[in-house]
Amino acid sequence: MGTAVERFDEKAHHAFDKIGRNEVYQGELLRHRVYTRFLHWMVALWFFLALFSGFGIYLPWLFRWFTPIFGGGALARSMHPWFGLAFVFFFGLQTLNWIRPMMWTPADTRWMRNIRQVVSGKEKLEPPDTGFFNAGQKIQFWEIVVGCVVYLITGIILWTGAHVFGRITVAVSYVLHDISALIMLGGIFIHIYLSTIGEPGTLEAMTRGAVKESWAWTFHPAWYSNVTGRDPKQAYDEAVRAGRWEDPRS
Amino acid sequence: MSDRRTLQIKQMSAHPGPIPGQGVQRDYEVCKLIDTTTCIGCKACEVACVEWNDMPFGETTFDNTYQTMPETRWNFWNLIKFNEHQREDGTIQWLMRKDQCMHCADPGCLRACPADGAIVQYTNGIVDFQQENCIGCEFCASGCPFNIPKFNQTTKKVYKCTLCSDRVGQGLEPACIKACPTGCLKFGSKDDMKFIANERAHQLKENFGYDKAGVYDPQSIGGTHVIYVLHDATNPEAYGGLPSNPQVPWSYTIWKWLAKPVLGTFALFGLLGVCLHYVMVGPRRPQPEPPIKEATDGNRG
């Protein structure tokens, strides 16, 4: 990526590190700095506001349940585009922030071929070439990038209406907007599951910003060795020999 | 009081479940007949509409024709469209068509509307907007083949011709019909109006040399509750852009009533999927986990 983007990100990180704190205790690694965490939760906030205000408009069955949250259908409809714009804006910044670690590599292709092992829980340790983000995270990221572009284009068409873009354009945009929303809705279940109870220890990466070293050598071994300079497999073997088991109840 | 009747709702936009009170009352379908061949473009219907519906009158636009404004507005539901049409032999014909909501049997606006009860269709065929339920999304405008629903920037609601449902509900004819001085506007049951329209078209063919005369009642949207007699039914576009084959966008019929609930259910299956994964496969934990305890007879779940 261009150096201008990198300089912008570095400035933003620097500014946010002054406001917030990155506390890393012994046995932990810093995963997400303040700026990244801030962007993540802003994206989450506006995503859910847009999702719920859109839900009522999406399904007649949900209209009477969801629109009162926003003060009725008319208000939900008038706020939904602004929620969406805020979502796209903050995700745009996150895209600039993350575009480099989200680049696809041959290791990701190998990871995807191996996905059955991951889902069935047979593979306890990630392959050693799994970096800062794994292929699943990258796919979700790029899906949201594409989804945001679709949202933005079709959303502006739906917002302005048939008298500007013509009725067929609006009718088609309406379908594309909904499909994009459905894909993201499916993705958000998986995202929330894997970042909380599905892979314990992950949530703190986005709250405090730090993760346990064992979490790092388990899920992102290549990143672990990049940061610590140590071999993840060796670190794991040492933990086994020392009997430093992770608490399975967490 | 014997002629006083309430309007029975047949269809309601975005309404899950049955329509309240459906089928308790039978109603004949009403219809407005507009004979463009006897319209003189006096615009009495325009004024009557504005007066009866008590709408603030907006500024008109002069475009060197007899037309009051380019298209209907949120506060101007009834517009005479004027067209100076050149015949094949070079002579000029003035075409005047009263443009308003067509009250389609299969209303695109109602299909497109996402707000529960914002658009209703009565059993007598009138399609009516209920502004108190309208959320102002203007999807109805994209569903309408006739460019009728119009947005009010101040109230953020959409408005259109009601076929004077308030008058019809009381056994009266719509205001435009009452005002028409030539009798080119008629109001009655759909069957009667179709009969009269066909008779008139026949008369135009037989006695006045309009070989292509006919009735405009487009079947692509199940017919309309406003029908026209045209001098040339093969070219309705000449009458200020009347579409010869009006369509409701396919996305509104297929997507909204079939794919949406199905895909919405699939999204819920995603939630079910991750819950089942947690219970059956279990979470992936940072390693190393403690060794698995050897299963003994007393330890079987």
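Right, let's walk through the structure included here. (Residues numbered from 1 in each chain as written. Chains lettered and ligands numbered in written order. Predicted model: local features only at pLDDT ≥ 70, side-chain atom pairs only at ≥ 80, totals over all residues.)

## Concerning the overall build of chain B
What counts here: Think of it this way: any DSSP run of H or I at least four residues long counts as a helix, any run of E at least two long counts as a strand, and we number them from the N terminus. For every residue, the other C-beta atoms within 10 Å of its own C-beta are counted; 20 or more classify it as buried, 12 or fewer as exposed, and values in between as partly exposed. C-beta atoms are placed from the backbone. Once C-beta atoms are placed from the backbone, any two residues with those atoms within 7 Å are in contact.
Check the secondary structure of chain B and you find seven helices and eleven strands. Expressed along its principal axes, the backbone C-alpha trace of chain B runs to roughly 100 × 55 × 40 Å. When the 301 residues of chain B are sorted by exposure, 41% land in the buried category. Considering only residue pairs separated by 6 or more positions, chain B has 62% of its internal contacts joining residues 24 or more positions apart.

## Looking at the interface of chain B and chain A
Accessible area lost on assembly of the parts is the figure often given for the size of an interface. Taken together, the 35 residues of chain B in the interface contact 45 residues of chain A. For the side of chain B that touches chain A, the secondary structure elements donating two or more residues are α3 (139-143) and α7 (250-280) of chain B. In terms of residues, the side of chain B that touches chain A owes the most to one element, α7 of chain B, which gives eleven residues.

## Here's the deal with the pairing of strand β4 (residues 92-99) of chain B
Residues and elements named next belong to chain B. Going by this rule: In short, DSSP must find at least two bridges between two strands for them to pair.
In the sheet, strand β3 (residues 79-86) pairs with β4 via eight bridges, with the strands oriented antiparallel. Across the sheet, the residue bridging to H85 is Q93, located in β4. In this antiparallel pair of consecutive strands, β3 and β4, the connection spans five residues, and G90 shows a positive phi of 90 degrees.

## Focus: unusual backbone geometry
Negative phi characterises most residues that are not glycine, and trans characterises most peptide bonds. All names here are of chain B. Cis geometry is adopted by the peptide bond preceding P288, which originates at Q287 and carries an omega value of 5 degrees. With respect to the secondary-structure elements, P288 resides in the segment after α7. Although it is not a glycine, N147 sits at a positive phi angle of roughly 55 degrees. Within the secondary structure layout, N147 lies in the loop between α3 and β7 (150-152). A tally of 15 C-beta atoms within 10 Å means that N147 is categorised as partly exposed. For L163, which is not glycine, the phi torsion reads 55 degrees and is therefore positive.

## Notes on the sheet that holds strand β5 (residues 119-122) of chain B
All names here are of chain B. As a reminder of what qualifies: For helices, the fitted line uses only the C-alpha atoms of the stretch in contact; every axis is such a line through C-alpha atoms, and the angle between N-to-C directions lies from 0 to 180 degrees.
The three strands lie next to each other as β1-β5-β6, forming an open sheet whose pairing is antiparallel. Two strands lie at the open edges of the sheet, namely β1 (9-12) and β6 (127-129), each paired on one side alone. Neighbour-to-neighbour, the strand axes of the sheet open up by a mean angle of 30 degrees, direction not taken into account. One ladder, built from three bridges, connects β1 with β5; its direction is antiparallel. Across the sheet, M12 pairs through a bridge with V120, a residue of β5.

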